[in-house]
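# Structure assessment
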Amino acid sequence: MRSLIAVSLILILNCVFLEAADAATAESLFHEGQNFYKQKNYRGALECFKKARDATSLNHALGKIYGSMALCYEALEDYDNVVASYKKAAEYLPMILAP
């Protein structure tokens with residue numbers, strides 16, 4: 001019984017550490033994308049934001065990432081993707097649209 005608990009605890013801790021590592025990677029990529037955006041390198045920013053999106057599963061992070069992607073698409077005048085990205089951002093950040 002103790003070995004089962006120990007194994008379960010190890011698995012849980014590994015998942016927590018992996019999620020933390022993924023969050024750090026996503027945050028780093030997000031900041032890199034912001035820097036590209038400030039330099040008006042919208043395609044470079046989009047690539048970073050897409051990688052950040054793929055590296056995280058945290059709702060608040062995904063909301064910010066999709067919102068930033070929408071701004072890049074807007075700068076590139078890709079309005080279909082602007083709308084799609086804002087819709088995805090709203091899915092992850094519904095409290096923004098709440099009355």
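The text that follows walks through the structure, step by step, so that each part is easy to find. (Residues numbered from 1 in each chain as written. Predicted model: local features only at pLDDT ≥ 70, side-chain atom pairs only at ≥ 80, totals over all residues. Heavy atoms only, no water.)

Helix and strand counts for the chain come out as five helices and zero strands. Each helix and strand of the chain, ordered N terminal to C terminal, gives the series α-α-α-α-α. Looking at the chain residue by residue over its 99 residues, the buried ones come to 28%. Taking the contacts inside the chain whose residues are at least 6 apart along the sequence as the reference set, 40% of them involve residues at least 24 apart. Working note: accessible area of the chain is about 6900 Å², and carbon and sulfur atoms make up 60% of it. (Helix = DSSP H or I, 4+ residues; strand = E, 2+ residues; numbered from the N terminus. Buried < 20%, exposed > 50% of the residue type's maximum accessible area, 1.4 Å probe, protein only. Contact = heavy atoms within 4.5 Å. Areas by Shrake-Rupley, 256 points an atom, 1.4 Å probe, with all protein chains shown as cover.)

We now examine the packing of helix α3 (residues 59–75) against helix α4 (residues 79–92). Relative orientation of the contacting elements α3 and α4 amounts to 165 degrees, with a least axis distance of 8 Å. Considered as vectors, α3 and α4 are oriented roughly antiparallel to each other. The handedness of the crossing between α3 and α4 is left-handed. Counting all contacts with α3, which are made through N59, L62, G63, Y66, G67, M69, A70, L71, Y73 and E74, the residues of α4 involved are Y79, N81, V82, S85, Y86, K88, A89 and Y92. (Axes fitted to C-alpha atoms, helices over the stretch in contact; angles between N-to-C directions. Parallel < 35°, antiparallel > 145°, perpendicular 65-115°, else oblique. Left-handed = near helix turned anticlockwise from the far one by under 90°.)

Reported here for the largest pocket is a volume of approximately 170 Å³. Along its surface, the largest pocket is lined by A23, A26, E27, F30, H31, T56, L58, H60, A61, K64 and I65. Only α1 (2–38) and α3 provide two or more residues apiece to the lining of the largest pocket. Among the elements that line the lining of the largest pocket, the one with the most residues is α1, at five residues. Per-class residue counts for the lining of the largest pocket are six nonpolar, three polar and two charged. (1 Å grid on protein atoms, 1.4 Å probe; cavity = no way out; pocket = protein on both sides within 12 Å on 5 of 7 lines; lining within 4 Å. Points joined across faces, edges and corners; volume = space filled by probe spheres on them. Nonpolar A, V, L, I, M, F, W, Y, C, P; charged D, E, K, R; others polar.)

What is shown is where atoms sit, not what they do.
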